[in-house]
Amino acid sequence: MTTTEGKAIAVRHERIDEAAAGQRIDNFLLRVAKGVPKSHVYRILRSGEVRVNGGRVQQTYRLQAGDEVRIPPLRTAEPTRSAPAPLGKPLPVVYEDDAILVIDKPSGKAVHGGSGVSYGVIEQLRAQRPELRMLELAHRLDRETSGLLIVAKKRSALTALHDMMREGRVEKRYLTLVPGRWANPLQHVKVALHKYLTPEGERRVRVSDEGKPAHSVVRLVKRWADYSLLEVELKTGRTHQIRVHLAHLGFPLCGDDKYGDFALNKRLEGEGLKRMFLHAAKLSFDHPLTGERLSFEAPLPEELQRFVDGLDSRRGRANG
């Protein structure tokens, strides 16, 4: 939908296909009418200027395949033209069918553009796969975190995945390295987390009784004299949950530039660890459309495995 400054788009009719089915009408309009103020989108919904199959609908109406949506003339500003995301190297695909895509995200790549990043995984995927009508992130990973990431190719799959994640029916397990000797083979961490912005506008999280409930299950995988390799299962999906939970317990993630031990990080850089040691290693969930149980594993990236191998050869594994 292209416009010029001060020029209104004529009435248009959109036939809803399977990719858009399940999406709320307000979210659909906000997507197809980029550049139109959100307040205006809700006004035309309230006034009945938007019609679905010839009738008025509430803003919460969920579109169905085959619906015909009447969109009235809309006045928008000239859209800001940004450079398209470069194609880059193909992202490693772990699994794909007609509803979902699971990739092994490299460290250092944001999942989407914004906050000073012009493009991310989702923009790159769309550039590499222009034949796909829809590609949307089902969840997120921090920029420095590597590993398994689910992308939806159908609106119905996206909606189902969001429901499953909210209900804790997607099993996510991460591998991380922390300084010190972690004692317990299995430990539940239930500490509420509060999200806030720094004066510089950066997103941060802290432990707070007034925050949202957060639950991590920590398992000891391997231990050396000075470090411990842990597997962390997320029972909730709060921002920076693993990083803040472990830092709160005195075990900050190696290489973490927000909540970590900065002097240690500097030393680790000299020893070859130049990134945060956090990897989304395992995913298990029921397929959002077929119900088939799916399980995926992504091995440690080469740079993390090399560092772990170095701990074995330099320090030797401690007993117990």
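Here, residues in each chain are numbered from 1, in the same order as that chain's written sequence. Selection of residues for local features in this predicted model requires a pLDDT of at least 70, selection of side-chain atom pairs for listing and counting requires 80 or more, and totals for whole chains, interfaces and linings are taken over all residues. Excluded from the side-chain calculations are hydrogens and water; all other atoms, namely the structure's heavy atoms, are used.

Student: Explain the overall build of the chain to me, and be specific about the residues and the numbers.
Tutor: Helix and strand counts for the chain stand at 7 helices and 15 strands. To sort residues, take the accessible area from a 1.4 Å probe on protein chains only and compare it with the maximum for the residue type: under 20% means buried, over 50% means exposed, and anything in between is partly exposed. The buried share of the chain, taken over its 320 residues, is 46%. Contact criterion: two residues are considered in contact whenever any of their non-hydrogen atoms come within 4.5 Å of each other. Sequence-distant contacts in the chain: of pairs separated by 6 or more residues, those separated by 24 or more amount to 64%. The helix count covers DSSP runs of H or I at least four residues long, the strand count covers runs of E at least two residues long, and both are numbered beginning at the N terminus.

Student: Tell me about the pairing of strand β8 (residues 171-179), residues and numbers included.
Tutor: Every regular strand shows the same layout, with side chains that alternate between the two sheet faces. For β8, the buried fraction is high: 8 of the 9 residues fall into the buried class. Bridge count for β8 against strand β14 (residues 278-286) is 6 bridges, and the pairing is antiparallel. Each bridged residue has a counterpart across the sheet, and for Leu-175 the counterpart in β14 is His-279. What makes two strands pair is DSSP finding at least two bridges between them. Pairing of β8 with strand β13 (residues 227-234), which is carried by 8 bridges, proceeds in the antiparallel orientation. Its bridge partner lying in β13, Thr-176 is registered against Leu-230.

Student: Break down the nonpolar core for me, with residues and values.
Tutor: Of all hydrophobic cores here, the largest spans 28 residues; its most connected members are Leu-125, Leu-149, Val-151, Tyr-174, Val-218, Ile-242 and Leu-246. Elements with a contribution of two residues or more to this core: β5 (100-105), α3 (121-128), β7 (146-152), β8, β13, α5 (241-248) and β14. Dropping the residues within four chain positions of it, Val-218 is found in contact with Trp-182, Pro-185, Leu-186, Gln-187, Val-189, Leu-230, Glu-231, Val-232 and Leu-246. We define a nonpolar core as any set of buried Ala, Val, Leu, Ile, Met, Phe, Trp, Tyr and Cys residues linked to one another through side-chain atoms lying within 4.5 Å.

Student: Provide a residue-level description of the sheet that holds strand β3 (residues 68-71), including the pertinent values.
Tutor: Hydrogen bonds between backbone atoms are what pair the strands of a sheet, whose relative direction is either parallel or antiparallel. Spatial strand order, β1-β3-β2: 3 strands in an open sheet with antiparallel pairing. On the outer flanks of this sheet lie β1 (12-15) and β2 (51-52), each paired with one strand and no other. Both β1 and β3 contribute to a ladder of 4 bridges, which runs antiparallel. Bridge pairing links Arg-12 to Ile-71 in β3. Most of the contacts of helix α1 (residues 25-32) go to β3, to which it runs at about 55°, and overall it touches β1, β2 and β3. Lines fitted to C-alpha atoms define the axes, with helix axes restricted to the stretch in contact, and inter-axis angles between N-to-C directions lie between 0 and 180 degrees.

Student: Residues and numbers for the packing of aromatic side chains, please.
Tutor: The aromatic pairing rule takes the rings of Phe, Tyr and Trp, using the six-membered ring of Trp, and pairs them if the centres are within 6.5 Å, calling planes under 30 degrees apart stacked, those over 60 edge-to-face and the rest tilted. One pass over the structure, following the stated rule, counts 3 aromatic pairs. Between Tyr-95 and Phe-296 the ring centres are 5.2 Å apart and the planes differ by 45°, which places this aromatic pair in the tilted class. With Tyr-95 in strand β4 (residues 93-96) and Phe-296 in strand β15 (residues 293-297), this pair connects stretches of sequence that are 201 residues apart. By relative accessible area, Tyr-95 is classed as partly exposed at 21%. A ring pair is formed by Phe-285 and Phe-296, whose centres lie 6.1 Å apart and whose planes are at 50°; its orientation type is tilted. On the criterion of sequence distance, the pair formed by Phe-285 in strand β14 and Phe-296 in strand β15 is long-range, its members being 11 residues apart. As far as burial versus exposure is concerned, Phe-285 and Phe-296 are alike and both buried.

Student: Requested: an account of the packing of α1 against helix α2 (residues 38-47), with residues and values cited.
Tutor: One way to put it is that α1 packs onto α2 with a least axis distance of 10 Å and a crossing angle of 130°. Judged by the inter-axis angle, α1 sits oblique to α2. For the pair α1 and α2, the sense of crossing is right-handed. In contact with Ile-25, Asp-26, Leu-29 and Leu-30 of α1, α2 contributes Lys-38, Val-41, Tyr-42 and Leu-45. Three classes are used: nonpolar for Ala, Val, Leu, Ile, Met, Phe, Trp, Tyr, Cys and Pro, charged for Asp, Glu, Lys and Arg, and polar for all others, with Gly counted as polar. Grouping the constituent residues of the contact of α1 with α2 by class yields 6 nonpolar, no polar and 2 charged. In these notes the angle categories are as follows: under 35 degrees is roughly parallel, over 145 is roughly antiparallel, 65 to 115 is roughly perpendicular, and the rest is oblique. Note on convention: the crossing is left-handed when the near helix lies turned anticlockwise from the far helix by less than a right angle, right-handed when the turn is clockwise.

Student: Can you lay out the pattern of salt bridges for me, pointing to particular residues and giving the numbers?
Tutor: Once their charged atoms are close, side chains differing in charge can pair, the charge on each being opposite to the other. Definition used for salt bridges: Asp or Glu carboxyl oxygen within 4 Å of a side-chain nitrogen of Lys or Arg. Using the criterion set out here, one finds 28 salt bridges in the structure. Here Arg-243 and Asp-142 are joined by a salt bridge, their closest N and O atoms 2.9 Å apart. One end of the pair, Arg-243, is in helix α5; the other, Asp-142, is in the loop between β6 (136-137) and β7, with 101 residues separating them in the sequence. On the accessibility criterion, Arg-243 (4% relative accessible area) is buried. Linking Arg-267 and Glu-271 is a salt bridge whose minimum nitrogen-to-oxygen distance equals 3.9 Å. Overall, Glu-271 belongs to the partly exposed group, its relative accessible area being 29%. Through salt bridges with shared partners, a single network forms among Glu-171, Arg-173, Arg-219, Glu-231, Glu-233, Lys-235 and Lys-282.

Student: Describe helix α4 (residues 155-166), listing the residues and the values that go with them.
Tutor: A turn of α-helix holds 3.6 residues, and therefore any two residues three or four places apart point the same way. For α4, which comprises 12 residues, the first-to-last C-alpha distance of 17 Å matches the rise-based estimate of 16 Å (1.5 Å per residue) to within 8%. Within the sequence span of α4, burial applies to Arg-155, Ala-157, Leu-158, Ala-160, Leu-161 and Met-164. Contacts made by the buried residues of α4 are with α1, β5, β6, β7 and β14. In the stretch just after α4, Gly-168 is the one whose phi turns positive, near 75°. In this scheme, a helix's expected span is set at 1.5 Å multiplied by one less than its residue total.

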